[in-house]
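Coordinates in review
These are the residues of each chain, in order.
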Amino acid sequence: MLLGLMARIPALERGVGSDRLARWHAMGGRYVIGLITAHVVTIIWGYALADRSGVVNETATMVLTFPDVLKATAALLLLIGVGLVSARAARRRLRYETWFSKRIVRASIPRSRSFRRCMPPGHFRQPLSLSGTGWAG
């Protein structure tokens, strides 16, 4: 959704305007980062309460032993980095080319990893069920 707001789709730009789309994108990005951070904090806190351990200890346990949590942690840190680089104060200090390249690289890594993480193992090698044939990946 947020990517679509900044995709420069001609119908959207003509109908809504690029300045309004950029504001919606920024507001949506703040909500996404806030909600993901709240999700992480409440999950860790809940596990710490259930295990009767400290939050720091539970964080280390989850990051180092739970499947894919280390990758999710790296993705969250990259997403927060994108948010920090995109902040107005940081954008004023960076050349446009530097800001744009860092934002594109950081924004593409979590998206490419997160989709595969949601699928069961071997999902991309199974044939599509609707047609009987499918991508063998």
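Refer to the structure above for everything that follows.
All figures in this text were calculated on a predicted structure; none of them were measured in a lab. (Residues numbered from 1 in each chain as written. Predicted model: local features only at pLDDT ≥ 70, side-chain atom pairs only at ≥ 80, totals over all residues. Heavy atoms only, no water.)

1. Considering the packing of aromatic side chains
The description of an aromatic ring pair uses the distance of the two centres, along with the angle that the planes make with each other. Under the criterion given, the structure shown has one aromatic pair. Between the aromatic rings of Y47 and F66, the centroid separation amounts to 5.5 Å while the plane-to-plane angle is 75 degrees, which identifies the pairing as edge-to-face. Here F66 lies in the loop between α4 (55–65) and α5 (69–86) and Y47 lies in helix α3 (residues 18–51), a separation of 19 residues in the sequence. (Phe/Tyr/Trp six-rings, centres within 6.5 Å; stacked < 30°, edge-to-face > 60°. Helix = DSSP H or I, 4+ residues; strand = E, 2+ residues; numbered from the N terminus.)

2. Describing the packing of α3 against α5
Relative to each other, α3 and α5 sit at 150 degrees, their axes nearing to 11 Å. On the basis of the axis angle, α3 is roughly antiparallel to α5. Like other packed secondary-structure pairs, α3 and α5 cross with a definite hand, here left-handed. Note on element contacts: α5 touches α3 through L76, L79, I80 and G83, opposite V32, I33, I36, T37 and V40. Here the contact of α3 with α5 is built from residues that sort into seven nonpolar, two polar and no charged. (Axes fitted to C-alpha atoms, helices over the stretch in contact; angles between N-to-C directions. Parallel < 35°, antiparallel > 145°, perpendicular 65-115°, else oblique. Left-handed = near helix turned anticlockwise from the far one by under 90°. Contact = heavy atoms within 4.5 Å. Nonpolar A, V, L, I, M, F, W, Y, C, P; charged D, E, K, R; others polar.)

3. Points about the environment of A74
Its place among the elements puts A74 in helix α5. Relative accessible area serves as the criterion here: at 37%, A74 is assigned to the partly exposed category. Separated by 11 residues in sequence, A74 and V63 place their C-alpha atoms 9.9 Å apart. (Buried < 20%, exposed > 50% of the residue type's maximum accessible area, 1.4 Å probe, protein only.)

4. Comments concerning the pattern of salt bridges
Summed over all chains, the structure comprises one salt bridge. The partner of K71 in a salt bridge is D68, and the shortest N-O contact between them spans 3.5 Å. Taking the relative accessible area as the measure of exposure, K71 reaches 56% and is therefore exposed. Using a relative accessible area of 33% as the deciding quantity, one classes D68 as partly exposed. (Salt bridge = Lys/Arg side-chain N within 4 Å of Asp/Glu carboxyl O.)

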